[in-house]
Amino acid sequence: MSGRLQSVRASFPALGRVEGGNPVAYFDGPGGTQVPGIVADAMRDYLLHHNANTHWAYPTSAETDAALAGARERLADFLNAGPDEVAFGANMTTLAFHAARALGRGWGPGDEIVVTELDHHANVAPWQAVARERGVTLRMVKLDPARGLLDAGDLAAAVGPRTRLVAIGAASNALGTISDVAAVSALARKAGALVFVDAVHYAPHVLADAPALGADLLACSAYKFYGPHVGVLYVRRDLGAALDVPKLAPAPDTMPERLETGTLNHEGIVGAGAAVDFLASLGGGATRRARLAEAFGWLHARGTALLERLWSGLASVDGVRLYGRPPGAARTPTVAFTVRGRASGAVARSLAARGLFVSHGDFYAATVVERLGLGADGLVRAGCACYTSEDEVDRLIDGVRRL
């Protein structure tokens, strides 16, 4: 194990857990990563020493204002955005519903929204609700299940002059597929449509650049990149200022506070900023964005190697079927598979007894599972994170083989 990886792993107290006599290997990162000590320390420090509500004339309130502003700056660097383009909320799903309601107030019969079969339902259901409530037509882009990709021809046919928004996932949380969001955005822009990007599974593996992706709105979740359970929403400045958001009359009407309803999870926002600091600490450079870029370059190289090791190892096990794009394609180090004759939950429980934590089911990407021809039992999913080691990958392969 390299010194750099050892240093990363030393940051995560959860790696000291033992299950069934074995140290726990966390392959459940696509559903939520573990948290480094500095993130928990930042949240604890805020709660014990600075806890207050905002915009009042006493020290802890001013300290809270500064802490939230600092976290916003960190997430802005993470997304290559301006601090006034970053809003916080409970989670990506809640933020997506909030944005969809605001956008939908300006749409009606004759307008169209494009969604995809590859997406997590958090980037489908909010737009379905708008379509029902406003009489908007919903167009669904098909998934090519054999290749784990969206059908490019179907996508091109779905976007047209009546399209008001294209909702696209940057990476599939079920199959790991990374979609060409910039190309989709160019297609949408040509039609005069907005683009909402679900970057929840993308952000832990690829350093997001909201403007370069062509996103008008982009959502992610801090708990997928080593932070607490907080949602983050990028909204292009001019769009955010014009959105017809539901808000209280006395609440600020400036960006980004106009997108945030009520008192927020202050400690969670502080923790999200600390998670960005943790990721930046893994790289070098003169600016936070440069440090993040270097860190993500290292993480990508490690993730690629771990994916190849895991994929080839599982492929060698009789009865295992792998889904999605193979190594070498644009994808995250997340592997979905089934074991012949075994329910996905039974596989997960058997592996957990050996200290190998994987997730199972449909991961709210229910349409993907359906298009793969699988029942409600779904898939087994193993994802590699910054703390995943080669030894843990080998343990997982051996654990599946022993089934």
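A brief report on the enclosed structure follows. The model shown is predicted, which means the values in this text are computed figures rather than measured ones.

Here Ala315 lies in helix H11 (residues 288-315). Classification of Ala315 by relative accessible area gives partly exposed; the value is 46%. Along the primary structure Ala315 and Ile397 are separated by 82 residues, whereas in three dimensions their C-alpha atoms are 9.4 Å apart.

Quick look at helix H7 (residues 181-190) now. Along H7, the positions that sit buried rather than exposed are Val181, Val184, Ser185 and Ala188. Angular distribution of buried residues about the axis of H7 spans 100°; they occupy a single face of the element. Where the residues of H7 are buried, they touch helix H6 (152-158), strand E9 (163-169), strand E10 (194-198) and helix H8 (210-213). Immediately downstream of H7, the backbone of Gly192 shows phi near 80°, a positive value.

Another point: the packing of aromatic side chains. Inspection of every chain in the model, using the stated rule, returns 10 aromatic pairs. Ring-pair connections join several aromatic residues into one group, and the members of that group are Phe12, Tyr226, Phe278 and Tyr387. Stacked on the ring of Phe363, the Lys or Arg Arg381 has its end atom at 4.0 Å from the ring centre.

Moving on to the pairing of E9. The buried fraction of E9 amounts to six of the seven residues, a majority that puts the element mostly inside the structure. With three bridges joining them, strand E5 (residues 112-116) and E9 adopt parallel strand pairing. By the bridge assignment, Val114 is partnered in E9 with Val166. In terms of strand pairing, E9 meets E10 through five bridges, oriented parallel. Paired with Ala167 across the two strands is Phe196, which belongs to E10. As for the winding sense of the linkage, the β-α-β connection from E9 through H7 to E10 is right-handed.

We now examine the packing of helix H3 (residues 59-79) against H11. Contact geometry for H3 and H11: axes closest at 9 Å, N-to-C directions at 50°. Taken together, H3 and H11 sit at an angle that is classed as oblique. H3 and H11 meet at a crossing whose hand is right-handed. In this structure, H3 contributes Glu73, Arg74, Asp77, Phe78 and Leu79 to the contact, and H11 contributes Arg288, Arg289, Leu292 and Phe296. Residues that form the contact of H3 with H11 fall into these classes: four nonpolar, no polar and five charged.

Rules of the game
Residues numbered from 1 in each chain as written. Predicted model: local features only at pLDDT ≥ 70, side-chain atom pairs only at ≥ 80, totals over all residues. Heavy atoms only, no water. Helix = DSSP H or I, 4+ residues; strand = E, 2+ residues; numbered from the N terminus. Buried < 20%, exposed > 50% of the residue type's maximum accessible area, 1.4 Å probe, protein only. Arc of directions from axis to C-beta. Contact = heavy atoms within 4.5 Å. Phe/Tyr/Trp six-rings, centres within 6.5 Å; stacked < 30°, edge-to-face > 60°. Lys NZ or Arg CZ within 6 Å of the ring centre and 35° of its normal. Pairing = 2+ DSSP bridges. Right-handed = clockwise from strand over helix to strand, strands pointing away. Axes fitted to C-alpha atoms, helices over the stretch in contact; angles between N-to-C directions. Parallel < 35°, antiparallel > 145°, perpendicular 65-115°, else oblique. Left-handed = near helix turned anticlockwise from the far one by under 90°. Nonpolar A, V, L, I, M, F, W, Y, C, P; charged D, E, K, R; others polar.

So yeah, pure geometry; function would need other evidence.
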